[in-house]
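Structure assessment
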Amino acid sequence: LYGSNFSRAAHTLCKFGSTIVNGTVRETADGLVMPMACDSPPHVEGSVPLELTLNGQDYTTDGLNYSFYALQLSHASPSGGPLAGGALLTIWGDGLGSGAGYHRYLCRFAQGMHKAVVAATYLAREGVVRCTSPTLVEAGMAGVSVSANGQQFTPNGQLGFLVFNTSVTSVD
């Protein structure tokens, strides 16, 4: 959240519709105040008013809306790629265009505790997201998830990506 006078905040809260969550104002090492940050709560798809308070009581009345999106991944092609990365992945699903105005699409590949995040692109004409697989830690399955806003991702496990270890030993 961007605004002014955040440095005088005593009790920061954000209200998404009727749901209230804690807010944080971070300062840089040189004392400059950064924007206020709030983690959005779980919510059904749609828009709600977003207001904030710096004292825990008096909320803004600016009437800004915050939109919640429901992304649902259906399938991807190819279904796998090399351990070294470089496979151009095309992802289909519902609601993928919801973040088109933000230009912050990401793909996340997860193998156990290891997660690799790469930039992605939404192609409006085709209604798909594309990203290139990163170098991964081991052969086997990786979960693929997508973010349309650069922050929240679809649940892991909606899509699987088979990582295989191949090498070329000679060319005849």
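Model, not experiment: these values are computed from the prediction.

Focus on the state of the cysteines
When the sulfur atoms of two cysteines share a covalent bond, that bond is a disulfide. In this structure the tally under the stated criterion is two disulfides. Between the sulfur atoms of Cys14 and its disulfide mate Cys38 the distance is 1.7 Å. Given an S-S torsion of about 40 degrees, the disulfide between Cys14 and Cys38 has right-handed geometry. With a gap of 24 residues between them, Cys14 in strand E1 (residues 13–16) and Cys38 in strand E3 (residues 33–38) connect regions that are remote in the sequence. When its relative accessible area of 0% is taken as the criterion, Cys14 is described as buried. Between Cys107 and Cys131 runs a disulfide, and the two sulfur atoms are separated by 2.3 Å. One quick way to see it: the torsion about the S-S bond of Cys107 and Cys131 is about -95 degrees, and its sign makes the bridge left-handed. Residue Cys107 is located in strand E9 (residues 106–111), and its partner Cys131 is located in strand E11 (residues 128–132); the two are separated by 24 residues in the primary sequence. Take Cys131: its relative accessible area is 2%, and that puts it in the buried class.

So, unusual backbone geometry
The omega torsion of the bond from Ser77 to Pro78 falls at 0 degrees, within 30 degrees of zero and hence cis. Summarising the element assignment, Pro78 is placed in the loop between strand E6 (72–77) and strand E7 (80–82).

With respect to the confidence of the model for the protein
When the pLDDT values of the protein are averaged, the result is 87; 89% of them are 70 or greater. Looking over the protein, one finds the lowest element-wise mean pLDDT in E3, namely 75, and the highest in E11, namely 97.

So, the packing of aromatic side chains
By convention here, two paired aromatic rings are described through the distance between centres and the angle between planes. As enumerated under the stated definition, the model contains five aromatic pairs in all. Ring plane angle 70 degrees and centroid distance 5.0 Å describe the contact between Tyr66 and Phe68, whose orientation is recorded as edge-to-face. Residue class for Phe68 comes out buried when judged on its relative accessible area of 9%. Look at Phe109 and Phe161: their rings are 5.5 Å apart centre to centre, the planes differ by 75 degrees, and that puts the pair in the edge-to-face class. Taken together, the residues span a long stretch of sequence, with Phe109 in strand E9 and Phe161 in strand E13 (residues 159–164) at a distance of 52 residues. With respect to class, Phe109 is no different from Phe161; both count as buried. Cluster of aromatic residues (ring-pair linked, three or more members): Phe16, Tyr66 and Phe68. Between Lys15 and the ring centre of Tyr59, over which it is positioned, the NZ or CZ distance is 4.3 Å. The ring centre of Phe153 lies 4.2 Å from the NZ or CZ of Arg108, which sits over that ring.

About the criteria used
Residues numbered from 1 in each chain as written. Predicted model: local features only at pLDDT ≥ 70, side-chain atom pairs only at ≥ 80, totals over all residues. Heavy atoms only, no water. Disulfide = S-S within 2.5 Å. Helix = DSSP H or I, 4+ residues; strand = E, 2+ residues; numbered from the N terminus. Buried < 20%, exposed > 50% of the residue type's maximum accessible area, 1.4 Å probe, protein only. pLDDT = per-residue confidence, 0-100. Phe/Tyr/Trp six-rings, centres within 6.5 Å; stacked < 30°, edge-to-face > 60°. Lys NZ or Arg CZ within 6 Å of the ring centre and 35° of its normal.

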